[in-house]
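Observations on the model geometry
Spelled out from the first residue to the last, the chains are:
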Amino acid sequence: MQTNCSMNYSTTFLANGVMTLYSREVNEVFHPVLGAEKEAELLYIRQTNLRHKFMHDQQITAWDVGLGAAGNALAVVAAWEDSKKGHLNLLSFDNDLEPLKLAVSEHKKNPINFGYLSGPMSTKDIVWNEFIESGLYSFKSPWGNFNWVIKKGDFAKWVEWQTERNDPILSSPRLIMYDLYSPPQDCSLWQMKHWKRLRKILSKEDPGEVIFHTRSTAVRVTLLLAGFFVGRGVAIGNKEETTIASNRLELIKNPLDLEWLKRVKRSSSSQPFLDKKYYQKKIEKKYWEMLCLHPQLL
């Protein structure tokens, strides 16, 4: 059942009664099956043991790539509040803030809808329309500071700029929540050169994790060839597994192995994404040979 709508988005209810958003442009439902809160808890908080990390790290920077209706971002804020320790820097990226505006509008009509928007205590004082406009919010707690920045625009171009500038990056992300449309909708955010740049941004000293909904063979091949270690992530909703990537192999609990490599060889959709054009085809010989030399698969 669909309810309110904007130019490109409408609200819809999942089978469990949770309201979510639907993109008419790409024909995709946000957080299908579980809804934003449960999905974020499983995928980004429990899987990465984020609450424990807050307890032991003085400061954590998290990137929320695909702000959407802010469900993932506020799950991280809630985990920070649970730990009651350390500082949190949260950067949210999106080229379209209409989904958040629509969610805020629905929440004002009925607080049950997108209820997480009034969840964490540290965001209780947010005036959402002002925050969406300014993109800046700060909160000081007894145990640490929380800073939230929204960066509107092309994430791939921002990453390219960060890797080409001479001055150092603000701080290396410990967690990247990569919640974007699937590769057929925008392959520029999945191509290999983009992932090589992202891999360069991750600190050599600090471990970083990138979490995905997808289990695409082509995406996993692209990540490995870009220099990441890659593994099978937790199941969510109707997906038996997701994907996790890192600059440290020890963070991958269930790494892709030689059995997976055999399936890559047989797959008709295993060629890494090399440019902005989406395609499905068998991996070329040179990329297969490069993949076989990845230290994770030796």
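1. Regarding the overall build of the protein
Looking only at helices and strands, the protein has 10 helices and 12 strands in total. The dimensions of the protein, computed from C-alpha atoms along their principal axes, are 55 × 45 × 35 Å. Counting the 298 residues in the protein, one finds 54% classified as buried. Partitioning the intrachain contacts of the protein with sequence separation of at least 6 by distance along the chain shows that 65% fall at a separation of at least 24. Distance between charge centroids for the protein: 5 Å, based on 39 positive and 33 negative side chains.

2. Some remarks on the packing of aromatic side chains
One pass over the full model with this rule turns up 27 aromatic pairs. Both rings, one in Phe273 and one in Tyr279, keep their centres 5.9 Å apart while their planes meet at 55°; by these two values the pair is tilted. By way of ring pairs, the aromatic residues Trp63, Phe93, Phe155, Trp158, Tyr178, Trp190, Trp195, Phe212 and Phe228 are connected into one cluster. The ring of Tyr279 has Lys281 lying over it, and the distance from NZ or CZ to the ring centre is 5.2 Å.

3. Digging into the pattern of salt bridges
Throughout the structure, instances matching the rule amount to 14 salt bridges. Across the pair Arg51 and Glu41 runs a salt bridge whose closest N-O atoms are separated by 3.0 Å. With Arg51 in helix 2 (residues 50-56) and Glu41 in helix 1 (residues 36-46), this residue pair connects regions lying 10 residues apart in the sequence. For Arg51, a relative accessible area of 28% corresponds to the partly exposed category. The buried category is assigned to Glu41, whose relative accessible area is 18%. A salt bridge links Arg197 to Glu160; the shortest N-O distance between them is 3.6 Å. With Arg197 in helix 7 (residues 192-201) and Glu160 in helix 6 (residues 155-164), this residue pair connects regions lying 37 residues apart in the sequence. Using a relative accessible area of 28% as the deciding quantity, one classes Glu160 as partly exposed. Where salt bridges share partners, they join Arg215, Arg220, Arg232, Glu241 and Asp257 into one cluster.

Thresholds applied
Note on numbering: residues in each chain are counted from 1, in written sequence order. Where totals are concerned, whole chains, interfaces and linings use all residues; where local detail is concerned, this predicted model gives features only for residues with pLDDT of at least 70, and gives and counts side-chain atom pairs only at 80 or more. Hydrogens and waters are ignored; side-chain quantities use all the structure's heavy atoms. Helix and strand definitions follow DSSP, with helices as H or I runs of at least four residues and strands as E runs of at least two, each counted in order from the N terminus. Only protein chains enter the accessibility calculation, which uses a 1.4 Å probe. A residue is then buried if its area is under 20% of the maximum for its type, exposed if over 50%, and partly exposed in between. Here, residues are in contact when the closest pair of their heavy atoms is within 4.5 Å. Counted as positive: Lys and Arg. Counted as negative: Asp and Glu, with His and the chain ends omitted from the count. Each charge is placed at NZ for Lys, CZ for Arg, CG for Asp and CD for Glu. Planes of paired rings set the category: under 30 degrees apart is stacked, over 60 is edge-to-face and the rest tilted, where pairs are Phe, Tyr or Trp rings (Trp by its six-membered ring) whose centres lie within 6.5 Å. Two conditions define a charge located above a ring, namely a distance within 6 Å from the ring centre to NZ of Lys or CZ of Arg, and an angle within 35 degrees of the ring normal. We define a salt bridge as a contact between a side-chain nitrogen of Lys or Arg and a carboxyl oxygen of Asp or Glu at a distance within 4 Å.

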